[in-house]
Amino acid sequence: MNKTLNRRDFIKTTSATTIGVVTVASGITLTTFASTNKVPVTNEKRWGMLIDTNKLTEADIDGMVSACQKEQGWGSELHSTGSQKPGWIKKVKVKDKATGKVSNLALMCQHCEEPPCVDVCPTNASMKREDGIVLVDKHLCIGCRYCMMACPYDARSFVHETLSNQKEHMPRGKGTVESCTMCVHKVDKGEVPACVTSVNSDAVIFGDLYDASSKINQTLKTVQSAQIRADLNLNTGVRYSGI
Ligand code: SF4
Ligand code: SF4
């Protein structure tokens, strides 16, 4: 899954230090995802990722896509074709018109602090946990796809066909919308998302953006980072450096 985008249209550089002053909106319904979760989900954490496009190779991105497919059970749909195919994480090429430099990025749900997908959902199936992870409750999703239209990152997919062999932690169903869960079933057990684990370098760092001692927080203080479409002021949980 490749896309070529105009870099100027796509990103705006933003100061990494803006992350620390963000507060998660109050009144968000707390919905834990993994039944094994023993730690309460609170707004004292905000999970995020920092992707260094200078370090991340195309092979790394392919590995991330494969890891996500394996972990979440998408990608082996038999009857869906073309744009019908699910794509929780995509390889996106961004070209700087001035220098010609091409960067490859892994693009998944950006886990926005102000998620348009949640705003437009008529059934509250799209929701944001207090720790910033944005999810779809498949039991509430009626498949209207408003969230897909509202998402500026094309991060969501619609399941077009009857599926079998579902993962226990990730029930998927025909007629519902899905997207990156930040591997919440692993995160709630103190583990790291599958795509992050698949990269054999520190090109992708996962952690708590609010924790001053976390590697992601410390790194963000020392590098120039960007939000994709920062002009939308969605305050994404996924950040990029090197672009
Ligand atoms: S990237 Fe799209 S799907 Fe993810 S939280 Fe933002 S608006 Fe919602
Ligand atoms: S965090 Fe999990 S669900 Fe999201 S892209 Fe990575 S592997 Fe896929």
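That block above? That's the structure.
Residues numbered from 1 in each chain as written. Chains lettered and ligands numbered in written order. Predicted model: local features only at pLDDT ≥ 70, side-chain atom pairs only at ≥ 80, totals over all residues. Heavy atoms only, no water.

Trainee: Which parts of the structure should I look at to understand the overall build of the protein?
Mentor: Across its full length, the protein holds 7 helices and 12 strands. With 243 residues in all, the protein has 51% of them scored as buried. Excluding contacts between residues fewer than 6 apart, the proportion of contacts in the protein whose partners are at least 24 apart in sequence is 68%. (Helix = DSSP H or I, 4+ residues; strand = E, 2+ residues; numbered from the N terminus. Buried < 20%, exposed > 50% of the residue type's maximum accessible area, 1.4 Å probe, protein only. Contact = heavy atoms within 4.5 Å.)

Trainee: I would appreciate a short explanation of the site of ligand 2 in the present structure.
Mentor: Close contacts around ligand 2 come from Met 49, Cys 68, Gln 72, Trp 88, Ile 89, Cys 180, Thr 181, Met 182, Cys 183, Pro 193, Ala 194 and Cys 195, and that covers them all. Every element with two or more residues in the shell around ligand 2 is listed here: α2 (58-72) and α6 (194-198). Of the residues assigned to the shell around ligand 2, the class counts are 10 nonpolar, 2 polar and no charged. (Near = heavy atom within 4 Å. Nonpolar A, V, L, I, M, F, W, Y, C, P; charged D, E, K, R; others polar.)

Trainee: For this particular structure, what's the right way to read a nonpolar patch on the surface?
Mentor: Nonpolar side chains collect at one region of the surface, where Val 120, Tyr 146 and Met 149 lie side by side and expose about 310 Å² of accessible area between them. Turning to its location among the elements, Val 120 is positioned in helix α3 (residues 116-120). A relative accessible area of 34% means that Val 120 is categorised as partly exposed. (Patch = residues over 30% accessible without salt bridge, like charges linked within 9 Å, V, L, I, M, F, W, Y side chains within 5 Å. Areas by Shrake-Rupley, 256 points an atom, 1.4 Å probe, with all protein chains shown as cover. Salt bridge = Lys/Arg side-chain N within 4 Å of Asp/Glu carboxyl O.)

Trainee: Help me out: how do you make sense of the site of ligand 1 in this one?
Mentor: Around ligand 1 sit Cys 109, Gln 110, His 111, Cys 112, Pro 115, Pro 116, Cys 117, Val 134, Cys 151, Pro 152, Tyr 153 and Arg 156, and those are all the residues in its vicinity. Looking at the shell around ligand 1 residue by residue, the classes come out as 9 nonpolar, 2 polar and 1 charged.

Trainee: Explanation requested: the nonpolar core in the structure shown.
Mentor: Nonpolar side chains tend toward joint burial in soluble globular proteins. With 42 residues, the main nonpolar core has Met 49, Leu 56, Met 64, Ile 89, Met 108 and Tyr 240 as its most contacted residues. Leaving out residues up to four positions away in the same chain, Leu 56 has contacts with Ile 51, Ile 61, Met 64, Ala 106, Val 199, Ala 203 and Val 204. Cys 117, Cys 121, Val 136 and Cys 141 belong to the second largest nonpolar core, which has 9 residues in total. (Core = buried A, V, L, I, M, F, W, Y, C linked by side-chain atoms within 4.5 Å.)

Trainee: Help me understand the packing of aromatic side chains, please; the structure alone is not making it clear to me.
Mentor: The description of an aromatic ring pair uses the distance of the two centres, along with the angle that the planes make with each other. Under the definition given, this model contains 2 aromatic pairs. Aromatic pair Trp 47 and Phe 206: ring centres 5.2 Å apart, planes at 10°, arrangement stacked. Pair noted here: Trp 47 is in strand β3 (residues 47-52) and Phe 206 is in strand β10 (residues 204-208), with a separation of 159 residues, a long-range link. Summarising the burial analysis for this pair, Trp 47 and Phe 206 share the class buried. In this structure, Arg 145 is placed above the aromatic ring of Phe 158, and the distance from its NZ or CZ to the ring centre is 3.7 Å. (Phe/Tyr/Trp six-rings, centres within 6.5 Å; stacked < 30°, edge-to-face > 60°. Lys NZ or Arg CZ within 6 Å of the ring centre and 35° of its normal.)

Trainee: Where do I start with the pattern of salt bridges in this structure?
Mentor: Following the criterion strictly, the structure yields 13 salt bridges and no others. Here Lys 55 ties to Asp 52 by a salt bridge, and the two come within 4.0 Å at their closest N and O atoms. On the basis of relative accessible area, Lys 55 is assigned to the partly exposed category, the value being 41%. With a closest N to O distance of 2.9 Å, Asp 231 and Arg 229 form a salt bridge. Relative accessible area serves as the criterion here: at 26%, Arg 229 is assigned to the partly exposed category. Beyond isolated ion pairs, a larger network of salt bridges with shared partners links Asp 52, Lys 55, Asp 202 and Lys 215.

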